[in-house]
Amino acid sequence: MSYAFSCIRLPSVLPVSNSYRLSFHGDRRSSNLSLLLKNDSFPRKICAGKSPYDSESSSVTVAASEKVLVPGVKSDDPSSSIDSLETSEAASEEPQIFQEVVGLPMEDDAKAVNEEDLVSSQLVSDSEVENPEASVRVQATESETSENKERSIPPPGTGQKIYEIDPFLKGHREHLDYRFAQYKKMREMIDKYEGGLNAFSRGYEKLGFNRSATGITYREWAPGAKRAALIGDFNNWNPNADVMTQNEFGVWELFLPNNADGSAPIPHGSRVKIRMDTPSGIKDSIPAWIKFSVQAPGEIPYNGIHYDPPEEEKYVFKHPQPKKPKSLRIYEAHVGMSSTEPKINSYANFRDEVLPRIKRLGYNAVQLMAIQEHSYYASFGYHVTNFFAPSSRCGTPDDLKSLVDKAHELGLLVLMDIVHSHASNNVLDGLNMFDGTDSHYFHSGSRGYHWMWDSRLFNYGSWEVLRYLLSNARWWLDEYKFDGFRFDGVTSMMYTHHGLQVGFTGNYNEYFGLATDVDAVVYLMLVNDLVHGLFPEAVTVGEDVSGMPTFCIPVQDGGVGFDYRLHMAIADKWIEILQKRDEDWEMGDIVYTLTNRRWSEKCVAYAESHDQALVGDKTIAFWLMDKDMYDFMAVDRPSTPVIDRGIALHKMIRLITMGLGGEGYLNFMGNEFGHPEWIDFPRGDQHLPDGRVIPGNNNSFDKCRRRFDLGDADYLRYRGMQEFDQAMQHLEEKYSFMTSKHQYISRKDEGDRVIIFERENLVFVFNFHWCSSYSDYRVGCLKPGKYKVVLDSDDKLFGGFSRIDHNVEYFSKEGWFDNRPNSFLVYAPCRTAVVYALVD
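Residues numbered from 1 in each chain as written. Predicted model: local features only at pLDDT ≥ 70, side-chain atom pairs only at ≥ 80, totals over all residues. Heavy atoms only, no water.

Caption draft 1: A look at the UniProt feature "active site" (unreviewed entry) in the chain. Under the UniProt annotation, the feature "active site" (unreviewed entry) is placed at Asp 488 and Glu 543. Spatial clustering of the annotated residues is evident: they stretch over 56 residues in sequence, but the largest pairwise C-alpha distance comes to 5.5 Å. Locating Asp 488 in the fold gives a position in the loop between strand S20 (484-487) and helix H12 (490-494). On the basis of relative accessible area, Glu 543 is assigned to the buried category, the value being 1%. (UniProt positions renumbered as here; feature names shortened; annotations may be inferred. Helix = DSSP H or I, 4+ residues; strand = E, 2+ residues; numbered from the N terminus. Buried < 20%, exposed > 50% of the residue type's maximum accessible area, 1.4 Å probe, protein only.)

Structure (structure tokens):
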């Protein structure tokens with residue numbers, strides 16, 4: 001897990017240094033995009049599913065005999081009750097039942113889901129009864145497509161298989177059974193009151209702005225507000241023109257009928273905000289469910305944009321989503337900083353220029369960072385202000401859809417780096433103090449504030465927070481066709497201490513106790529249920545440094561439900577090793593770190609990610625070569641021992657990480673060729689309250705880009721490292737060694753500095769010695785036969801010295817060696833990694 005002060009993200013187990021706090025008052029760059037948003041609109045049909053936010057009086061489509069009496073809902077209409085279902089007496093008992101279901105006795109500061117939160121989701125104001133909008137509503141079963149009908153979320157299951165997988169978990173059965181019971185009861189309540197996770201996760205169909213044939217309905221959950229009005233370009237920002245009504249459960253609502261000519265009452269592209277009279281005063285906020293927001297040139301606050309283009313202007317997806325690959329090879333990318341030029345790159349340029357590069361390099365998935373709108377660019381996208389809006393810096397929502405569609409055409413999965421672990425503390429643009437209270441979407445007081453990240457922490461025990469976050473995950477998968485998520489900051493979510501200043505040792509007491517935030521774990525189980533149930537080909541990756549047992553076990557078996565865990569300890573280990581002399585590298589320590597993962601729980605391994613590329617840290621290439629990278633990377637100039645060592649070890653570190661580290665692999669863009677610059681976002685001087693000034697970089701974009709041209713230049717040594725990374729990806733594509741069940745480490749020799757292991761029908765030979773090369777070095781193997789070189793880090797193409805003849809055939813000899821039944825002899829030059837494949 002990585003944590004951040006501003007743009008500096010640090011391992012949670014390391015002391016914090018060279019960091020500064022992220023402040024809302026820091027420099028925020030405006031978009032340089034000129035959004036040509038048309039003001040014209042037109043009426044169109046919407047088939048909205050029947051949801052808990054539908055009025056009980058929509059009798060045009062729902063017969064009175066079919067109505068369900070919702071506990072806590074007051075109604076003077078006798079037809080709102082049905083004697084075949086719950087009686088009013090039964091309804092009056094529901095709050096007590098609810099408290100029993102979601103109370104969290106295992107947490108010191110636990111808070112049950114508020115009854116008011118639950119019931120607020122069942123009711124809208126009476127104004128909808130009078131709206132003609134209701135006449136076009138149909139039942140959910142009629143509005144769902146055949147695809148939605150086929151998709152279903154499996155029942156909770158028994159949650160007991162985890163004890164078969166890991167019998168040591170039985171010692172913590174009380175906690176784990178309690179956790180699963182809380183999850184199961186939450187599922188049952190969602191089924192009972194919301195019609196299931198499928199319906200519950202479509203909150204965006206009722207909250208926020210929703211268009212019907214007769215107008216636009218806007219709803220917002222803001223129980224702390226005393227008054228609310230919708231303001232914007234459409235009504236000249238008049239706070240008295242469109243005043244909203246609030247029901248008894250905190251849901252504000254407004255219906256705007258179409259104009260006389262049939263056009264939409266709010267034109268596409270209009271700026272909108274909600275003005276509320278709150279306990280903290282009058283404030284204008286961007287709607288919580290806004291789908292697009294933009295910072296105008298010269299302005300600091302963002303404006304919500306009513307994004308509702310005409311049908312002919314909407315992007316239509318043309319290509320099917322790829323099937324889930326057997327193994328993930330992830331290219332982690334940030335669209336904004338993906339240009340070779342010092343500027344904010346666009347979705348369109350990334351689509352046309354970067355995606356083909358990712359495909360050519362051999363990756364099968366691209367993981368996009370900073371997609372959710374964030375007002376402070378230097379937060380790297382981790383201080384989200386508008387959760388349903390794609391970052392406007394890079395283009396429009398339709399531009400992003402075009403990018404995703406192009407990736408699918410290339411056969412690439414598109415994973416989104418989704419942030420549900422915390423939210424920006426920005427009061428003007430985000431959710432913080434949205435309704436004037438600090439306990440709206442977040443825990444109140446210190447529990448709702450992350451002191452290291454300077455951000456707000458969600459209350460995962462709140463019914464409406466669950467609706468918001470689950471709907472948010474569903475939105476990106478449904479609307480933008482993302483193929484899954486990398487969930488950021490999961491360690492922070494799962495523990496009340498957030499993993500800060502905690503060194504996890506693997507003792508099970510560290511995972512199952514009072515420090516565990518059961519509400520958050522249950523949310524993670526629910527969102528994995530949702531994703532895997534409705535989108536079977538989708539992938540979920542969790543960023544967890546703690547090593548939480550059951551993290552990657554299916555929910556129905558008692559696990560948290562992720563497909564992969566990020567193997568974060570590997571990157572930390574490489575940084576630790578690189579600060580030592582070559583003579584002090586321990587082969588056993590390297591192997592142990594790479595293989596120290598839970599059986600049957602898949603991991604994504606990486607030598608370095610974006611964390612190591614930021615200012616305040618160093619990439620592996622910088623640790624190895626430092627300033628020599630600026631002067632000695634031209635192939636027509638003599639190299640140096642530092643460069644030769646750096647290029648050799650850079651390749652070896654990446655290959656052994658991919659070979660032993662997990663079932664998936666990740667690389668941050670540019671690191672494949674040893675990008676020579678760190679990442680430093682444009683920022684101005686920061687003035688602290690105590691009078692100190694943290695100097696900025698004159699708002700420069702020079703260090704906030706990727707110099708892909710260096711990796712492509714055949715006259716620079718960066719090219720060799722890029723070619724090797726590409727060869728690694730294609731080797732895995734051909735042999736699928738990362739997902740092979742056959743893995744055996746036959747040698748980790750501290751004297752020779754040699755590591756040898758088998759995966760699939762491949763034998764990997766690493767010689768980390770700084771000067772000793774070995775002739776006729778015997779290598780053990782499982783299968784007899786002929787072996788040939790299929791990857792050689794010393795190949796001249798990869799910037800090596802071509803010390804190995806690739807035409808040589810290696811025939812095995814029967815007889816036990818290194819506990820293997822066969823063996824063959826090889827030449828192992830110093831600082832090389834060679835992969836041998838069994839030839840049929």
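Caption draft 2: View of the environment of Ser 812. Among the structural elements, Ser 812 can be located in the loop between strand S32 (810-811) and strand S33 (813-817). A polar contact of 2.8 Å, which involves the side chain of Ser 812, links it to the backbone nitrogen of Gly 785. (Polar contact = N/O pair within 3.5 Å; in protein donor to acceptor, adjacent residues only side chain to side chain.)

Caption draft 3: Just the sheet that holds strand S18 (residues 449-450), in detail. One open sheet holds the 3 strands; their spatial order is S17-S19-S18, and the pairing between them is antiparallel. Sheet topology places strand S17 (423-424) and S18 at the edges, where each strand pairs with a single neighbour. With 2 bridges connecting them, S17 and strand S19 (residues 455-456) associate as antiparallel partners. Following the sheet pairing, Ser 424 is matched in S19 by Ser 455. (Pairing = 2+ DSSP bridges.)

Caption draft 4: Inspection of the packing of helix H18 (residues 641-660) against helix H20 (residues 718-735) at higher detail. Contact pair H18 / H20: the axes reach a minimum separation of 10 Å and the direction vectors enclose 20°. One finds that H18 runs roughly parallel with respect to H20. Remark: the crossing between H18 and H20 carries right-handed chirality. Contact residues: H18 offers Ile 647, His 650, Lys 651, Arg 654, Leu 655 and Met 658, while H20 offers Met 721, Phe 724, Asp 725, Met 728, Gln 729 and Glu 732. (Axes fitted to C-alpha atoms, helices over the stretch in contact; angles between N-to-C directions. Parallel < 35°, antiparallel > 145°, perpendicular 65-115°, else oblique. Left-handed = near helix turned anticlockwise from the far one by under 90°. Contact = heavy atoms within 4.5 Å.)

Caption draft 5: Representation of the sheet that holds strand S29 (residues 762-767). The antiparallel open sheet is built from 6 strands, whose spatial order is S27-S28-S29-S35-S31-S32. Because the sheet does not close on itself, it has two edges, and the strands there are strand S27 (743-749) and S32. Running at roughly 160° to S27, helix H15 (residues 587-595) makes contact with S27 and strand S28 (754-759) of the sheet. Sheet contacts for H18: S27, S28, S29, strand S31 (786-792) and strand S35 (832-839); angle to S28, the most-contacted strand, approximately 40°.

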